[in-house]
Amino acid sequence: MDSPDVAPDRLRRVAVLVLEGAKPLDVGIPAQVFTTRPSMPYEVRVCGAAPGLVTGGDGLAYHVASGLEALGWADVVFVPGYRFPDREDPPRRVVDALVEAHDRGARLAAISTGAFALAATGLLDGRRATTHWHYTRALAAKHPAIRVDENVLFVDEGSVLTSAGAASGIDLCLHVLRGDLGVAASNHAARRLVAAPYRSGGQAQYVPRSVPEPLGERFAATREWALHRLDRPLTLDALARHAAVSPRTFSRRFADDTGCTPMQWVLRARVDLARELLERSERSVEQIAGDVGLGTGANLRLHFQRVLGTTPSDYRRTFTRGE
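Note on numbering: residues in each chain are counted from 1, in written sequence order. A pLDDT threshold of at least 70 governs which residues receive local features in this predicted model, and a stricter bar of 80 or more applies before side-chain atom pairs are shown or counted, although totals over entire chains, interfaces and linings include all residues. Calculated side-chain values reflect all of the structure's heavy atoms, with hydrogen atoms and water omitted.

Undergrad: How would you explain the overall build of the protein chain if you had to name every residue and give the values?
TA: Put simply, DSSP marks the helices as runs of H or I at least four residues long and the strands as runs of E at least two long, and each gets a number from the N terminus on. Along the backbone of the protein chain there are 14 helices and 10 strands. For the protein chain, the accessible surface area stands at approximately 15300 Å², while carbon and sulfur atoms represent 52% of it. Note on areas: Shrake-Rupley, 1.4 Å probe, and residue coverage restricted to the protein chains presented here.

What follows is the structure in structure tokens.
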């Protein structure tokens with residue numbers, strides 16, 4: 001259900017910078033996730049190096065109404081991936097505009113090979129970053145000052161963020177949305193997109209070929225089963241039994257699939273459910289701890305601090321309705 005209209009003075013401004021050879025999925029993801037609607041406090045502008053026609057990749061072209069002035073307007077700038085990013089950098093005026101937007105306080109977020117455009121600014125030097133797995137070596141070779149991580153879906157370095165291939169662009173956008181508006185809004189957007197509500201940035205970019213596809217599907221079903229039983233005891237043995245494999249096999253292949261252990265995943269799922277209840281209900285911390293399977297308020301506070309670096313009460317104040 002959509003929330004009430006958002007006051008214009010509280011809108012967050014999102015620019016999607018379309019470069020020559022832009023990939024259509026990469027362009028569409030942030031425009032779709034942050035689409036301007038009454039329930040979403042965002043205004044989106046798609047722009048290019050100049051207004052007019054931009055030749056894209058895969059046989060498509062884009063007619064953009066705004067030029068680089070949109071980067072001076074935006075709170076967040078998304079740079080979609082583009083073809084042949086390792087051949088040459090974007091035009092100097094584009095690189096300069098990205099640096100100026102960052103210096104002004106805007107966050108810069110790259111989807112897939114858009115990381116090469118951010119790398120050209122120098123803003124990724126000395127930081128972790130990722131890109132599509134096919135280009136990670138090229139990014140590391142061209143920009144050796146960047147700590148390229150090829151085994152993650154996205155990397156959040158605060159004011160600069162990068163992600164892997166197109167699908168992980170959805171994960172990155174939902175991550176930004178989760179940080180801005182909370183878990184409830186992010187989950188609402190994920191349902192609208194028919195996307196997974198949460199895949200951690202540390203999850204592997206692709207499942208190793210040694211993992212049979214039917215088992216991958218079975219594990220996805222087990223994760224879905226667990227999400228509906230977070231208030232009950234969930235042990236490694238119970239999860240493995242549902243997936244019809246041994247606990248040892250389940251642990252190893254679950255980690256290959258998600259980048260974390262089964263019990264780490266369960267704990268994070270419980271903390272995320274607690275976040276949503278804190279945002280959307282008036283239940284006490286003790287009640288919510290029981291609702292999500294963490295037992296006591298003290299236990300919930302402990303894990304909240306470890307995972308999020310804050311307390312449940314402070315988190316609730318941040319995301320109180322009407323703020």
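More follows now that the structure is in view.
Undergrad: Describe in detail the sheet that holds strand 2 (residues 42-47), supporting the description with residues and values.
TA: At least two DSSP bridges between two strands are needed for those strands to be called paired. With mixed pairing, the six strands of this open sheet are ordered in space as 2-1-5-6-10-9. This sheet does not close on itself; its edge strands, each paired only once, are strand 2 and strand 9 (154-156). Neighbour-to-neighbour, the strand axes of this sheet turn through a mean angle of 15°, independent of strand direction. Docked against the sheet, helix 6 (residues 166-181) engages strand 1 (12-17), strand 2, strand 5 (76-79), strand 6 (107-110), strand 9 and strand 10 (160-163), running at close to 145° with respect to strand 10. Interaxial angle, 0 to 180 degrees, is taken between N-to-C directions of lines fitted to C-alpha atoms, where a helix line uses only the stretch in contact. The criterion used for residue contact is that any of the two residues' heavy atoms lie within 4.5 Å.

Undergrad: Describe helix 6, listing the residues and the values that go with them.
TA: Helix span, expected: 1.5 Å multiplied by one less than the number of residues in the helix. The terminal C-alpha atoms of helix 6, which comprises 16 residues, lie 23 Å apart, in line with the 22 Å expected from a rise of 1.5 Å per residue. Per-residue accessibility, obtained with a 1.4 Å probe over protein chains only, is compared with the maximum for each type, and a residue is labelled buried under 20%, exposed over 50%, and partly exposed between these values. By the burial criterion, the buried members of helix 6 are Ser 168, Gly 169, Asp 171, Leu 172, Cys 173, Leu 174, Val 176, Leu 177, Arg 178 and Asp 180. Of the residues trailing helix 6, Gly 182 is marked for its positive phi of about 105°.

Undergrad: Now, about the pattern of salt bridges: what can you tell me, with residues and values included?
TA: Salt bridges are identified by distance alone: a Lys or Arg side-chain nitrogen within 4 Å of an Asp or Glu carboxyl oxygen. Considering all chains together, one arrives at 13 salt bridges under this definition. A salt bridge links Glu 276 to Arg 280; the shortest N-O distance between them is 3.7 Å. In this pair, Glu 276 and Arg 280 both sit in helix 11 (residues 262-280), four residues apart, roughly one turn of the helix. By sharing partners, the salt bridges in this structure join Arg 12, Arg 107 and Asp 180 into a single network.

Undergrad: With reference to specific residues and values, describe the environment of Arg 283.
TA: Inspection of the secondary structure puts Arg 283 in the loop between helix 11 and helix 12 (285-291). Taking relative accessible area as the criterion, Arg 283 reaches 33% and is therefore assigned partly exposed. Not counting chain neighbours up to four residues away, the residues in contact with Arg 283 comprise Ile 288, Asp 291 and Arg 316.

Undergrad: Run through the nonpolar core, naming residues and quoting values.
TA: Here, nonpolar core means buried Ala, Val, Leu, Ile, Met, Phe, Trp, Tyr and Cys residues that are tied together by side-chain atoms lying within 4.5 Å of each other. Formed by 31 residues in total, the largest nonpolar core has its most connected members in Leu 17, Leu 71, Val 77, Val 79, Leu 98 and Leu 108. Mapped onto this core, the elements with two or more residues apiece are strand 1, helix 2 (69-73), strand 5, helix 3 (92-104), strand 6 and helix 4 (115-120). At five residues, helix 4 tops the list of elements feeding residues into this core. Among residues more than four places away in sequence, those in contact with Val 77 are Ala 15, Leu 17, Leu 71, Leu 98, Ala 101, Arg 107, Leu 108 and Ala 109. Ile 111, Cys 173, Ala 189 and Ala 190 belong to the second largest nonpolar core, which has 21 residues in total.

Undergrad: Report on the packing of helix 6 against helix 7 (residues 183-193), specifying residues and quantitative values.
TA: Helix packing for two helices is described by the angle between their axes and how far apart those axes are. Between helix 6 and helix 7, the shortest axis-to-axis distance is 7 Å and the interhelical angle comes to 150°. Seen from above, helix 6 lies across helix 7 with right-handed handedness. Here helix 6 contributes Ile 170, Leu 174, Leu 177, Arg 178 and Leu 181 to the contact with helix 7, which in turn contributes Val 183, Ala 185, Ser 186, Ala 189, Ala 190 and Leu 193. Lys, Arg, Asp and Glu make up the charged group, whereas Ala, Val, Leu, Ile, Met, Phe, Trp, Tyr, Cys and Pro make up the nonpolar group; the residues left over, Gly among them, are polar. The class makeup of the residues in the contact of helix 6 with helix 7 is nine nonpolar, one polar and one charged. By the definition used in this description, the sense in which the near helix is turned from the far one sets the handedness, with an anticlockwise turn below a right angle giving left-handed and a clockwise turn giving right-handed.

Undergrad: Quick rundown of the packing of aromatic side chains? Include the residues and the values.
TA: Here a pair means two rings of Phe, Tyr or Trp (six-membered ring of Trp) with centres within 6.5 Å. Their orientation is stacked below 30 degrees between planes, edge-to-face above 60, and tilted elsewhere. Taken as a whole and assessed by the stated rule, the structure comprises seven aromatic pairs. Summarising the aromatic geometry, the rings of Phe 116 and Tyr 135 are spaced 6.0 Å apart at their centres and angled 80° between planes, so their arrangement reads as edge-to-face. Note that Phe 116 is positioned in helix 4 and Tyr 135 in the loop between strand 7 (128-129) and helix 5 (136-142), a separation of 19 residues in sequence. Owing to a relative accessible area of 0%, Phe 116 belongs among the buried residues under this scheme.

Undergrad: Lay out the pairing of strand 6 in plain terms, naming residues and giving numbers.
TA: By the bridge criterion, four bridges tie strand 5 to strand 6 in an arrangement that is parallel. Across the sheet, Val 76 pairs through a bridge with Arg 107, a residue of strand 6. Each parallel crossover has a hand, and the one from strand 5 via helix 3 to strand 6 is right-handed. In the sheet, strand 6 pairs with strand 10 via three bridges, with the strands oriented parallel. Bridge pairing in strand 10 places Leu 108 opposite Val 160. Handedness rule for crossovers: strands pointing away from the viewer, path from the first strand over the helix to the second running clockwise, crossover right-handed.

Undergrad: Give a detailed account of the side chain of Thr 136, specifying residues and quantitative values.
TA: Checked against the element boundaries, Thr 136 lands in helix 5. For Thr 136, a relative accessible area of 3% translates into the label buried. The residues touching Thr 136, leaving out its near neighbours within four places in the chain, are Thr 131, Val 148 and Glu 150.

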